[in-house]
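Listed here are the chains, written in short residue letters.
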Amino acid sequence: MHHPDPSDPRHDGFVRVRGAREHNLKGVDVDVPRDVLAVFTGVSGSGKSSLAFGTVYAEAQRRYFESVAPYARRLIHQVGAPKVGEITGLPPAVSLQQSRSAPTSRSSVGTVTTLSNSLRMLFSRAGRYPRGAERLDSDAFSPNTAAGACPECHGLGRVHRTTEELLVPDPSLSIREGAIAAWPGAWQGKNLRDILGALGYDVDRPWRELERADRDWILFTDEQPVVTVHPVRDANRIQRPYQGTYMSANRYVLKTFSDSKSPSLRAKAEKFLHSAPCPVCGGARLRPESLAVTFAGRNVAELARLPLTELAEVLDTPDPSETARVLTGDLRARIGTVTELGLGYLSLDRATPTLSAGELQRLRLATQLRSGLFGVVYVLDEPSAGLHPADTESLLSVLDRLKAAGNSVFVVEHHLDVMRHADWLVDVGPLAGEHGGEVLHSGPVAALKGVEGSATARFLFDDSPVTVRQVRTPRGWFTLGPVTRHNLRDVTVDVPLGAFTAVTGVSGSGKSTLIGEITEDRESVGRLVVVDQKPIGRTPRSNLATYTGLFDVVRKVFAATDEARARGYGVGRFSFNVTGGRCETCQGEGFVSVELLFLPSTYAPCPTCGGARYNAETLEVAYRGLNIAEVLDLTVESAAAFFADDPAATAVERSLRTLLDVGLGYLRLGQPATELSGGEAQRIKLASELQRVRRGHTLYLLDEPTTGLHPADVEVLLRQLNGLVDAGHSVVVVEHDMAVVAGADWVIDMGPGGGDAGGRVVVAGPPAEVAAHPGSRTAPYLRRLLP
């Protein structure tokens, strides 16, 4: 029998990384034991994700591709392997990142967890059918299949209809004057008008004076007659007759809404539609035969609507058949894992786009826990994001179970309780960007205590209570509500103005729903600014510089150089989004997309410009010794020094200053939006707000602004937010970080539980008052921090 050689590094129980240079990593060497819970930490931008995801996971992925097929190998060569000397002792890896991709409207909690498949199987095999009905396949219980979808709404549950009032908002106008608002603009709209004229309709009479039958035909006909149009002669050019096809306004709007690839055209079309529950299935999305089958007295759509905790109770009803017992037992066990992660308030039919990134990642985690894999490395990205401290405890027991099943669990995390629970801690730093990228410590948690320069150590071993500021006296109040939405039933709450308010509660208690209501009822507060974590752009074209308006000023600075003037280059020449200055191979993207069969497409650097995005002539123009691509490659911090004393660039300086103030000095100006985390996107939005000069009162709303932030960065963020309040504005944050809550002026605690067990205001008052409340699940965690 072959025994592994203990001197061989592949068998000594460690993953050993040598010479990692991904992003800002400075040739890092690090050893992390296998079969443990290892936490990677460090300030935002220090390089911990580059080490865990960009290096360890990317290398495991590359090896997997290598083993797949020669076809995939060719693509890896293009995509590029991680910049690392070598990695030994690396098992296969599974990544559970907080996906930034937009899931489709058909994706739901049930499809992500595959619980829907089991529920459909239960209905197919053990459901009660009407007398004489044929047994249906499990496909017939899915709205996403031809066998199951309601024929009227195609399984979407809603139908989009339009009306004359929506299509023609001002009936006093004639067709020539633009009465049919839903029609496209420019030539296409003129074409439709000319076709109507050729068909004999009066396009110059006010719309309301046309016959009802004519109005109905123009707006709603499904006919598409072809006629010869003789255009009115234009003074400048002769226009020949042409064959034009008519399309009614209704048909145009529905076609654009369902088929157009352009988000702006789809949004325009949507304005002319109202959406209503489907009259045939009543929103249940399935065909009548499928809805006629029941289990425990309910159909599949009714069960999919229940919160998972209630669904588990319904499935607990005794059923004589063995098949039903086996299937309900499996379903209940799998629902158990999801509820353990604090997600029992979700229902199977809840659409994925309505979930937060943290909720989605925990759903995937629950699914993995049941998959029975062992011997792999799980790489997780902040699984505690969006979790109340009460739910973090159950998360830790789930991570322990993954480890106990024989796996290694590598977690990128800022939550101090998760760090304390780890077997091994890798601390990256000391600071962000080019001032980071070094491993300060890799070893047991307690050994971090004496490490010089570690921002983490300062927070991890500091047990002194938070220094509580004097609570501000509100300048006034505004009343929110009564709100009845999701799990909130007639909730009314008073929010202080001129103060810092934190809204707390376990996941699903109704915090975001309550805050969402402020955006509906904004009159009472004056100006409202919502700073969320949605991406600042969906393609590599949008970046930090374009979003903040910095890029406009930088382009002007380049266009004003002597060289640019001599060549006749205007501002447009220095944009990578338009023809002229950009590299045409990649059309200014800097990347070419590599399509992978069965795998998400990836980006590889452009072979012509090497990622510079511009053509060679544009790059010959320099400002202070750097070309435009090199300036976009500067970090915010270096750029601030580079532009420091140029009077032409004062606007650039102000923009950069606010980005430094929110702790984003490590980002590059041209950093594509697709590479930014939700927390980074949120702070960029905050910086763009801070650089505007404000007059009058503004209410700032932030949903979990500390997500993705190291405690040291949270301090920086809080200085900014408190600065806004000191300047007379109001700040409301939804927050789980008790250090932030302890420093607030006013706390609104929702709950007590999630879903139907929540949706009420448990207590509202200063932090000390909330900490003393016996019925609050937030209170015990808040008490730990208060003196």
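A brief report on the enclosed structure follows. (Residues numbered from 1 in each chain as written. Predicted model: local features only at pLDDT ≥ 70, side-chain atom pairs only at ≥ 80, totals over all residues. Heavy atoms only, no water.)

Notes on the overall build of the chain
Right, on to step 1. Summing up its helical and strand segments, the chain has 29 helices and 23 strands in all.
Right, on to step 2. Here the chain has a C-alpha radius of gyration of 30 Å; the compact-globule value for 787 residues is 28 Å, and the two agree.
Right, on to step 3. Principal-axis analysis of the C-alpha atoms places the extent of the chain at approximately 90 × 85 × 70 Å.
Right, on to step 4. Sorting the 787 residues of the chain into buried and exposed places 51% on the buried side.
Right, on to step 5. In the chain, the proportion of contacts linking residues at least 24 apart, taken out of those at least 6 apart, comes to 67%.
Right, on to step 6. If you sum the accessible surface of the chain, you get close to 35700 Å²; carbon and sulfur atoms cover 52% of it.
Right, on to step 7. Computed over 85 positive and 91 negative side-chain charges, the separation of the two mean positions in the chain equals 3 Å. (Helix = DSSP H or I, 4+ residues; strand = E, 2+ residues; numbered from the N terminus. Rg over C-alpha atoms; globule rule 2.2 N^0.38 Å. Buried < 20%, exposed > 50% of the residue type's maximum accessible area, 1.4 Å probe, protein only. Contact = heavy atoms within 4.5 Å. Areas by Shrake-Rupley, 256 points an atom, 1.4 Å probe, with all protein chains shown as cover. Lys, Arg positive; Asp, Glu negative; His and termini not counted. Charge placed at Lys NZ, Arg CZ, Asp CG, Glu CD.)

Notes on helix 4 (residues 115-126)
Right, on to step 1. Look at helix 4: 16 Å from first C-alpha to last across 12 residues, which is about the 16 Å you get at 1.5 Å a residue.
Right, on to step 2. In terms of residue burial, helix 4 counts as a mostly covered element, since 9 of its 12 residues are buried.
Right, on to step 3. Within helix 4 the residues assigned to the buried category are Leu115, Ser116, Ser118, Leu119, Arg120, Leu122, Phe123, Ser124 and Ala126.
Right, on to step 4. Buried residues along helix 4 sit against helix 3 (109-113), helix 11 (300-305), helix 12 (308-314) and helix 13 (322-340). (Expected span 1.5 Å × (residues − 1).)

Details of the sheet that holds strand 5 (residues 93-96)
Right, on to step 1. The strand order across the open sheet formed by 6 strands is 5-10-11-3-12-13, and the pairing between neighbours is mixed. In this open sheet, the two strands that pair with only one neighbour each are strand 5 and strand 13 (438-443). Looking at each pair of strands side by side, their axes are set apart by 15° on average, direction ignored.
Right, on to step 2. Pairing geometry for strand 12 (residues 424-429) and strand 13, over 5 bridges, is antiparallel. Opposite Val428, over in strand 13, you have Val439 as the bridge partner.
Right, on to step 3. The sheet strands contacting helix 14 (residues 357-369) are strand 5 and strand 10 (377-381), and the helix crosses strand 5 at an angle near 145°.
Right, on to step 4. Its contacts with the sheet put helix 15 (residues 389-404) on strand 3 (37-41), strand 10 and strand 11 (408-412), and the angle it makes with strand 11 is roughly 145°. (Pairing = 2+ DSSP bridges. Axes fitted to C-alpha atoms, helices over the stretch in contact; angles between N-to-C directions.)

Quick notes on helix 13
Right, on to step 1. When the terminal C-alpha atoms of helix 13 are compared, their 27 Å separation across 19 residues agrees well with the 27 Å that a helix rising 1.5 Å per residue should span.
Right, on to step 2. Listed in full, the buried residues belonging to helix 13 are Ala324, Leu327, Thr328, Leu331, Arg334, Ile335, Thr337 and Val338.
Right, on to step 3. Residues of helix 13 that are buried in the fold lie against helix 3, helix 4, helix 12, helix 14 and helix 15.
Right, on to step 4. The positive-phi residue at the C-terminal boundary of helix 13 is Gly342, with phi of around 80°.

So, the packing of helix 8 (residues 249-259) against helix 9 (residues 263-270)
Working note: a packed helix pair is described by the angle between its axes plus the distance between those axes.
Right, on to step 1. Look at helix 8 against helix 9: their axes get within 8 Å of each other, and the N-to-C directions meet at 135°. Of the possible angle classes, the one that applies to helix 8 and helix 9 is oblique. Both helix 8 and helix 9 take part in a crossing whose hand is left-handed. The residues of helix 9 that touch helix 8, namely those facing Val253, Thr256 and Phe257, are Leu265, Arg266, Ala269 and Glu270.
Right, on to step 2. Residues belonging to the contact of helix 8 with helix 9 are distributed by class as follows: 4 nonpolar, 1 polar and 2 charged. (Parallel < 35°, antiparallel > 145°, perpendicular 65-115°, else oblique. Left-handed = near helix turned anticlockwise from the far one by under 90°. Nonpolar A, V, L, I, M, F, W, Y, C, P; charged D, E, K, R; others polar.)

By themselves, these observations are geometric and do not establish any function.
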